[in-house]
Structure formats: structure tokens, C-alpha cells
Amino acid sequence: MARILKPYSAKAGSPVFKVSRGGGLPVVLYWAEKTLAYRTLLWQKLNHKSACKSCAWGTGGQKGGFRNELNEPLQRCAKGVESIVGDLQGPVAADFFARQSLAQLQALSSREAERLGRLSYPVILRAGSSHYERIGWPEIYAIAQKAFARPPERVASYSSGRSSNEAAYILQLMMRALGSNNLADCSDLCHSPSTYGLKQVFGSGTSMVSLEDLKQSDCVVLIGSNAPANHPRLMNELIKLRERGGRVIVVNPVIEVGLMNFASPAFVPSLLFGSEISSLYLQPDPGSDVALFVGMAKSLIEQNKIDRRFLGAHTENSQAVIEHAQATSWQQIESTCGIERVLIEQAAQMIARSERVVFAWAMGATQQANGVDNIFAIANLALLTGNAGKPGAGTMPIRGHSNVQGFGSMGVSVRLKEEIRLALEKLLGRPLSRVPGHDTRRLIEAAAAGQIDALLCLGGNLWGANPDQGQASRALGQIETIFYISTKPNQGHFHGLASKQTIIIPVFTRDENPHRTTVESGNNFVRLNETGRTHLPGADLISEVEFLTQVAHHLLGEVPVDWRRLQDTAYVRQLIAQTIPGFEKMATIDQTREEFTIAGRIFHEPVFATPTGRAKMFVPPLPELRPPQIGDFGIEPSHRAIPLVLVSVRSYSQHNTVVYKEGDSYRGMPHRNCILLNPDDAQAAGFAEHERVTVIGKIGCKEQVEVIFGSPKRGVALMFYPEINAIIQPPIDERCGIPAFKRNPILVVASG
Ligand SMILES: Nc1nc2c(c(=O)[nH]1)N[C@H]1C(S)=C(S)[C@@H](COP(=O)(O)OP(=O)(O)OC[C@H]3O[C@@H](n4cnc5c(=O)[nH]c(N)nc54)[C@H](O)[C@@H]3O)O[C@H]1N2
Ligand SMILES: Nc1nc2c(c(=O)[nH]1)N[C@H]1C(S)=C(S)[C@@H](COP(=O)(O)OP(=O)(O)OC[C@H]3O[C@@H](n4cnc5c(=O)[nH]c(N)nc54)[C@H](O)[C@@H]3O)O[C@H]1N2
Ligand code: SF4
Ligand SMILES: [Mo]
């Protein structure tokens, strides 16, 4: 096996790291600190039989909080602890909202809002009032009843993937029963290109790889994922893969330290000495991955390493894909992605030499103006090499929120599967509306145009998650009534305000619900969460399921179903088993307690879920990427300034719009108002490390931003989301609504 000595494809300089590896001692210290601070309460939660609330890797469930679906121990990471600790905070004080004016609340940072504590009673902000005030349940339902009694196109929901399958199912059933398809979801900002693209190619929009498969693979291509921070237990699999002689090819314009070397607390030698992760690290320019993948395909074709028998028997349109790769010149490939041919060929050779390759990706691949083309290009590589439809290989989107995939399965989507539509029509006894629904970006646009009267948000932070927060504020301000169903306060509650009334409904977390619920991991594994109790004495909380069924009951009575009967989640699971393909085992899960892999998702034979059983290949055009120019920003060339491509990411201590800690020690960024630059770019512009600069985006600027040297590729800068959403307005891939959060032109200018 060839070992690639040069881990890194940029021409000049060596990567600049502030620490030598990801994971490691800081993680163990975090565990120790929190365990001491929260003692029994934290251990109770960690051992509770429910899925981890943080990411969709999906640790936990019936086997206890520390085990994965294969019953392996020690699978709970510090991020899982972080999410529990956040939820174990005390309640927001009874007189808090009476004391704090809206203006004061609006001045809070994300972290300050999170630290106010758990929401523990419902509140309302009425038009003209300067304060949120407590509200009783009868008035809440009366408001809901009136607010949602509008033409179905004018009501909408938004959801974030932390709630249960049962809550998701009720939400979409209620919206569809009202006649609305406006079911926007956080996945519209996340993996919608994966769902859309994979569905076109394989007929199924999720991962075709199980955890078991991953353990059999001998090569993982990890594209646009910072798994050390966002899916830490995936790192254990990469460590084991390297130990059995496999290879990891990382594709990322930024060198993330944990993707080079990661110290996993699950293995003592790794914790002490670290484990090498990447065998080869390729740094494409942001948004250019298609060119790299077409280059790999071209190289495989030139080396005669494609599986023509497989292509002939199990795919459609492979000839067009082959001809496109052949017709694309090496010069065009190299100049688009900024990676030398020799490195692309090395990657292709590694794939060709491997028996079972898993192609895994996250936001670096999806959050692009051509996000869907990235998925097509990745799927093409898998198919050209016969790495789909066999054990140990295939395509694997790495999902975000812990139940985001379940929301899609339950039908919370503007692209409802035909089979589900038919089943729901049977259940509801009438045809569903065919008016196309608004996805998240279209919801904001429709709201801005005054086309939405009432909005129900099941979790999340619609305001903070969207780009162009000014537009988000204005758009939400055009809606008469907004309900936020939430566990904790966030900035969206204070900035995303409706014109007439904004209501915050406080709910139980997953491990506090009075009924059992289920969730689905990114590996298509359904978990059963046991009932639990809240640590908040006397709090006026409600379960998501109860609230949604009460709203539905007030709006629809007992038509076409007895909505309050759905408060029995075992009954909801019966309906899910009846109407959602692949979920047949839901019918017996209450008796058997048997968690299961959803039928029809994992392909171990090359017979796919398309009408013909063949995978359909698509030609992905190379993007035409224009590097930003100083002139684009209307600045005098006399300033010390440099135009760059900004990549917005999560720090090592946040969950989406929720910030847990200000700094990011792995990237050496001491607070949130930092910009990570390649030292050569900084030098070219004359910026010293720690100098304060101004960052100008398309729709605004950030002042006093501290320059930190790190390892983005030249021409690339990295900053944190959600703060950056104040100044960016990325283009959208119209096929699936995803904003290009990972490629935004900015100008970095010396302060003053
Ligand atoms: N602890 C924690 N865990 C989480 C979350 C969290 O916020 N905190 N969020 C959850 C959610 S909802 C999601 S969606 C996932 C997100 O998980 P990730 O996708 O890992 O999250 P990001 O921080 O957006 O990192 C994206 C990575 O893509 C790289 N990248 C940027 N542009 C490009 C490009 O053009 N090409 C390629 N190949 N790479 C690029 C960036 O450098 C970065 O390393 O994590 C989930 N898990
Ligand atoms: N610039 C930029 N923008 C991005 C991204 C990016 O990479 N860059 N990433 C995008 C992605 S991938 C995503 S997924 C979105 C995230 O968008 P969202 O999912 O909308 O946002 P979150 O920050 O995850 O939502 C956090 C809030 O959810 C609530 N919550 C937590 N747990 C529960 C629960 O169990 N039930 C209920 N009802 N509420 C709960 C809490 O009140 C908490 O404050 O952001 C997107 N926006
Ligand atoms: S990897 Fe994800 S699911 Fe597993 S414990 Fe960590 S945060 Fe939870
Ligand atoms: Mo996400």
C-alpha cells in the first residue's frame, strides 16, 4: 500500500496548527468538569434509554446512552454531554421577562441567550409591547385557532430536526389536513442536495451504508466534513479503518487538525499518542469539488480502472458521464479546483486499489450553489468504480441534527414522496393539496412579500439559521402570528418577531417526555426513546406531541382524524407503520422494544430503488467560479485589503446557532469575532496576526475582527456561523433550495 507522504496539496507553506491533534485531553477534561458539576443528574441522563440529542450519528437508545446500534460501548462523545448540560440548566426566572425589555433581549449574544436557562412557562409578545409576558393555555389555543384559520397557502411551518418522529408526523399530518404543503425544514439549509440528488440517482435519498458496512470498508473519501467536531464518533471508525490498513482521503479546502490527527478517548493508545486520519488531504477551492471528482473519474477512465461490467448491468447514462470526463481537459480541471493533476491521480489510484469504498460528505459538499451537482459527481465516482450496491461500500451523507432524517421520512418536506402522498390521502380520506409548498428560503421570500399570515416553528432558530438576517427580520415581521415551540431561548425569539403576536411554547426535551418517542439516525436506524422526567420543579412545560395535537384539535376538531387520540404516541406509531414505507416494524416496536434499520435503504445488491432498478447517472457541469475582486466591493485600491472566499462553519463548541463556548481552541480562535486566514494571504495584504480588520460581505460588514493564522487554502477565509449570516447573501441551488453558505465573496480590509 502506497503511503502518501505529502498530506497536503497547497503549493506554499506548511499547515499552521495551534494544537497538534483533534480530540484528546481537552475532551476528557470537559467530561470530568461536567461530571463533577452535574454529578448524578448528568449520569442519569447519559444512561437514559434515549438517542443522543446532538448529532445524527445516533448513539444511545434502548441499549443505553453509551452504545451504538452494534452494541459497542464507549460511544458517547463530549458533544452529547454538551447538549445534555445545556438542557440541564435551571429555569428562566419567573419574573425574567417582566424585567427584561425586548431591547435588552435583542442585545444578547447567542451564548448569552442560551445561558438564560430553560424556558419553563409560555410567553407572548403582543404588538406594541416592549416585554414578553406570561400567557395561559386557553388563550394560546384561542390565538392558534384564529391565526391558522386562513387560506392554506398563507399558513406555514418550519422545523428543526431535534423533535421526535411522532411530533414530526403529527406536524405534517396537521399541515396537510389544513391543505398546506408549506413544510419548511432545516434540512432545506443542510442536506437537501443529498436527498434530492441521491433520490434521482438511486431512488432513495438517504445513506446506503450501515455502520456495519463502514466497518467493512477499506477506503473512506471524506468530503466537506469536520467530523472531529460535528460527528466525533465517526472518528472512531476512521481510526479503526486506518488500523486495519485502509485509507482515508480527505477533501476540504481547510486543513482541520482533527482530520490529520485525532486522539479518541475511546482508545487508550489513540488518546495518548493520537491517530493519523488522512492518508491524502486534497484542498479544492470552495465550491469546486465537481471539478476534482470529474478529474478523479477522468483519471480512472484513463487508467482503465472503471468497472464497465457493473456500469453496463446496473446503471443508465454512464456513457455520457464517461464522455464528459474525457472531454474535460486536465487544464480546465486543475484551474477550476486548484489541485494538481498528480494529486488527483493519486486519489484515483487509491480508490481503484481499494475493494470497498465509502463516499461520505457533509456541508462542504452540500452548501454550494451547485450542491446537487456535487452529489451527482460523488455518486458517479461510486458507480464508475462499482462501489454501490455491495456490502462495505456506497454513498453516505453524514446527517446533521439527531432526527433530521426522521423528519424527512415522516413527510416533513416540500417534496413529498408519492407513496406517502397516496397513503396519507387514504388515511385522511381526501386528496392532498397539489399547490407546491415553500421550502425555508422560499418561506422567507413569501413572508417578505406579505404572503404568510401564521407560522409554527417546531424547534430551531429560523431567524439565525438563514442568511441575510436583516431580510429574515423584515420577512418574519410581515407575518401576523408566530409560534416558537422551543426548549431554550435563542436569538430568533428576540429578532424574528411577528407583527401581531409572537408566542414561545416551552417543551420537554427528548429525555423528559411523558410518552415514548422514536428517532432515526443518519445510518437509517430507528431508536426508541423511553419516557423521562424533567429536573425543573413546577415548570409549566408541555410535550411537543400534546401541543401539536391540541392545536390540531382546536383547528380541525375530530376531522378527518381524532387529533387528541394522537397524544397516544403508540397509536401514532401505528399510523406511521401504515403510511410510511420501510417503517413497518413501528407497528410492533412498543411490544418488542426492537430498534431497527429502515427497510429498503441499505443497498447490498446493485438493485436500486429506481423504477428500472438501475442507478441513473447525471453529467455534472464544472462550475464557473470567479474569484472575488477588490473592485466588486467599491473600495479604493489604496487600502490594505484582500478579496477572499469565505467559508462559514461551526466552531468546536456550538450546536448550530447555539453557542456553548466563545472560543475554538483547536483552530486557535479565542472568540467568535475572528477570521482564520492563510498566513501567506495575510502577509500579501500586510496583516499581522491578531490585527483587527473589517470584513465586508455582500450585504454588510463586521468590524474589529481579529486575524488568526491557520490552515485554510490560499484565497480562503473561515468564520463562524450564525454571526456571519448578518453579512452574507449566498446564491441558491434552485433545484433543492440550498444556500451556498460555503462560498461567499468577502473583502478583508485593514481597520480604519
Ligand atoms: N458539535 C456539533 N455537532 C453538530 C453540529 C454542531 O453545530 N455542533 N451541527 C449538526 C448539523 S445540523 C450539521 S448539518 C452537521 C454539520 O457538520 P459539518 O458539515 O462537518 O459542519 P461545518 O462546520 O459546516 O463544516 C463543513 C466542513 O466543510 C469544509 N468545506 C467548506 N467548503 C468546502 C468545499 O467547497 N468543499 C469541501 N470539500 N469542503 C468544504 C469546511 O472547511 C468544514 O471543514 O453537524 C451536526 N453536528
Ligand atoms: N452561514 C451558515 N448558516 C447555516 C449553516 C452554515 O453552515 N452556515 N448551516 C445550516 C444548517 S446545516 C442547519 S441544520 C441550520 C440549523 O438551523 P436550526 O435547526 O433552525 O437551528 P438550531 O440552532 O439547531 O436550533 C436551536 C434551537 O432549537 C431549540 N431546541 C433544541 N432542542 C429542542 C427540542 O428537543 N425540541 C424543540 N421544540 N426545540 C428544541 C432550542 O430552542 C434551540 O435554541 O442552520 C443553517 N444555517
Ligand atoms: S457522535 Fe453524535 S450521536 Fe454520537 S455521542 Fe457524539 S454527538 Fe451524540
Ligand atoms: Mo444541518
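These figures come from a predicted structure and were not determined experimentally.

Throughout the structure, instances matching the rule amount to 46 salt bridges. Across the salt bridge formed by Lys298 and Glu302, the nearest N and O atoms sit 3.9 Å from each other. Separated by four residues within a single helix, Lys298 and Glu302 lie in helix α14 (residues 289-302), roughly one turn from each other. You can call Glu302 partly exposed: its relative accessible area is 44%. Between Arg640 and Glu691 there is a salt bridge, with its nearest N and O atoms 2.9 Å apart. With Arg640 in the loop between β20 (615-616) and β21 (641-649) and Glu691 in the loop between α30 (679-685) and β25 (692-696), the pair connects residues that are 51 residues apart, well separated along the chain. For Arg640, a relative accessible area of 39% gives the class partly exposed. Looking at Glu691, the relative accessible area reads 18%, which means it is buried. Each of the salt bridges in this network shares a partner with another, and the network as a whole consists of Lys45, Lys53, Asp87, Glu114, Lys488 and Asp511.

This next bit is on the packing of α14 against helix α16 (residues 318-327). The description of two helices packed together rests on the angle between their axes and the distance between the axes. Here α14 crosses α16 at 95 degrees, and the two axes come no closer than 9 Å. Taken as axis vectors, α14 and α16 run roughly perpendicular relative to one another. Within the contact between the two elements, α14 uses Val294, Ala297, Lys298 and Ile301 and α16 uses Ile322, His324, Ala325 and Gln326. Grouping the constituent residues of the contact of α14 with α16 by class yields five nonpolar, two polar and one charged.

Moving on to the site of ligand 1. Around ligand 1 sit 31 residues, and of these Asn226, Glu256, Asp289, Gln654 and Asn656 come closest. Take Ala229: an N or O atom from its main chain is 3.1 Å from a nitrogen atom of ligand 1. In the complex, the protein chains occlude 99% of the 920 Å² of accessible area that ligand 1 would expose alone. Looking at the shell around ligand 1, the elements that each hand over two or more residues are α10 (227-230), α19 (363-366), β21 and β22 (654-655). Here the residues of the shell around ligand 1 sort into twelve nonpolar, 14 polar and five charged. Residue assignment places the shell around ligand 1 across two domains, with domain 2 (192-398) and domain 3 (630-750) each supplying three or more.

Mapped onto the elements of the fold, Ser409 is located in helix α21 (residues 404-409). If we ignore the near neighbours within four places in the chain, the residues touching Ser409 are Ile420, Glu520, Ile580, Phe583 and Arg601.

The subject of this paragraph is the UniProt feature "domain: Molybdopterin dinucleotide-binding" (unreviewed entry) in the protein. Those places that UniProt annotates as "domain: Molybdopterin dinucleotide-binding" (unreviewed entry) correspond, in this numbering, to residues 644-744. In this annotation, residues 644-744 is assigned 7% helix and 38% strand; the end-to-end C-alpha distance for the span is 8 Å.

This brings us to helix α27 (residues 544-556). Count 3.6 residues to each turn of an α-helix, and residues three or four apart come out pointing the same way. Counted at 1.5 Å a residue, the expected span for α27 with its 13 residues is 18 Å, and the 18 Å between its end C-alpha atoms agrees. Where burial is concerned, most of α27 is hidden: ten out of the 13 residues are buried. What α27 keeps buried is the set Glu544, Val545, Phe547, Leu548, Thr549, Gln550, Val551, Ala552, His553 and Leu556. Summarising the contacts, the buried residues of α27 are in contact with α6 (137-147), α7 (165-178), β14 (454-458), β15 (481-486), β16 (501-506) and α28 (569-579). Immediately downstream of α27, the backbone of Gly557 shows phi near 65 degrees, a positive value.

We now examine a nonpolar patch on the surface. Residues Leu25, Val28 and Leu29 make up a contiguous nonpolar surface patch of roughly 270 Å² in combined accessible area. Inspection of the secondary structure puts Leu25 in helix α1 (residues 25-47).

So, about the site of ligand 2. Residues in contact with ligand 2 amount to 32 residues; listed here are only the nearest, Tyr158, Glu544, Thr657, Tyr721 and Asn725. Note that an oxygen atom of ligand 2 is positioned 2.7 Å from one of the side-chain N or O atoms of Tyr721. The protein chains hide 97% of the 920 Å² of surface that ligand 2 would expose on its own. Broken down by class, the residue content of the shell around ligand 2 amounts to twelve nonpolar, 15 polar and five charged.

On to the domain arrangement of the protein. As assigned here, the protein comprises domain 1 (109-189 + 403-506 + 538-581), domain 2 (192-398) and domain 3 (630-750). Each of domain 1 and domain 3 has a C-alpha centre, and these two points are 33 Å apart. Taken together, the 17 residues of domain 1 in the interface contact 23 residues of domain 3. In total, domain 1 and domain 3 occlude about 1,700 Å² of area from one another, counting both sides; carbon and sulfur atoms represent 48% of this. The three residues of domain 1 that bury the most area against domain 3 are Arg111, Pro467 and Asp468, which together make up 27% of that side's buried surface. Seen at the junction of domain 1 and domain 3, the total is one salt bridge. Between Arg442 and Glu734 there is a salt bridge whose closest N-O contact spans 3.4 Å. Linking domain 1 with domain 3 are 13 residue pairs in polar contact (both at pLDDT 80 or more).

About the cut-offs
Each chain carries its own residue numbering, running from 1 in the direction its sequence is written. By the order in which they are written, chains take letters starting at A while ligands take numbers starting at 1. Two thresholds apply to this predicted model, a pLDDT of at least 70 for residue-level local features and 80 or more for giving and counting side-chain atom pairs, whereas whole-chain, interface and lining totals are computed over all residues. Hydrogens are left out, water is left out, and the side-chain values use all remaining heavy atoms of the structure. When a carboxyl oxygen of Asp or Glu is within 4 Å of a side-chain nitrogen of Lys or Arg, the pair counts as a salt bridge. For the purposes of this entry, the term helix denotes a DSSP run of H or I that reaches at least four residues, the term strand denotes a run of E that reaches at least two, and both are numbered from the N terminus. For every residue, the accessible area obtained with a 1.4 Å probe (protein chains only) is divided by the maximum for its type, and the residue is called buried under 20%, exposed over 50%, and partly exposed between those limits. Orientation is described by lines fitted to C-alpha atoms, with helices fitted over the stretch in contact, and by angles between N-to-C directions that extend from 0 to 180 degrees. Geometric relationships in this document are graded by angle, where less than 35 degrees denotes roughly parallel, more than 145 denotes roughly antiparallel, 65 to 115 denotes roughly perpendicular, and other angles denote oblique. When checking whether two residues touch, look at their non-hydrogen atoms; a contact exists if any pair is within 4.5 Å. Classes in brief: Ala, Val, Leu, Ile, Met, Phe, Trp, Tyr, Cys and Pro nonpolar; Asp, Glu, Lys and Arg charged; the others, Gly included, polar. If a single non-hydrogen atom of a residue is within 4 Å of a molecule or strand, that residue counts as near it. For the purposes of these results, a polar contact is taken to be a pair of N or O atoms within 3.5 Å, where, inside protein, one atom must be able to donate a hydrogen and its partner to accept one; residues adjacent in sequence count only when each atom of the pair is a side-chain atom. For the area figures, the Shrake-Rupley method with a 1.4 Å probe applies, and any residue is considered shielded solely by the protein chains shown. Annotation comment: domain bounds sourced from an automatic or database domain assignment. UniProt positions are given in the numbering used here, feature names are shortened, and annotations may be inferred rather than shown by experiment. Expected helix span is given by 1.5 Å per residue-to-residue step, counting one fewer step than there are residues. The patches reported here contain residues having more than 30% relative accessible area and no salt bridge. Joining distances are 9 Å for like charges and 5 Å for nonpolar side chains (Val, Leu, Ile, Met, Phe, Trp, Tyr). Here the quantity called buried area is the accessible surface, traced with a 1.4 Å probe, that two parts lose on coming together, added over both.

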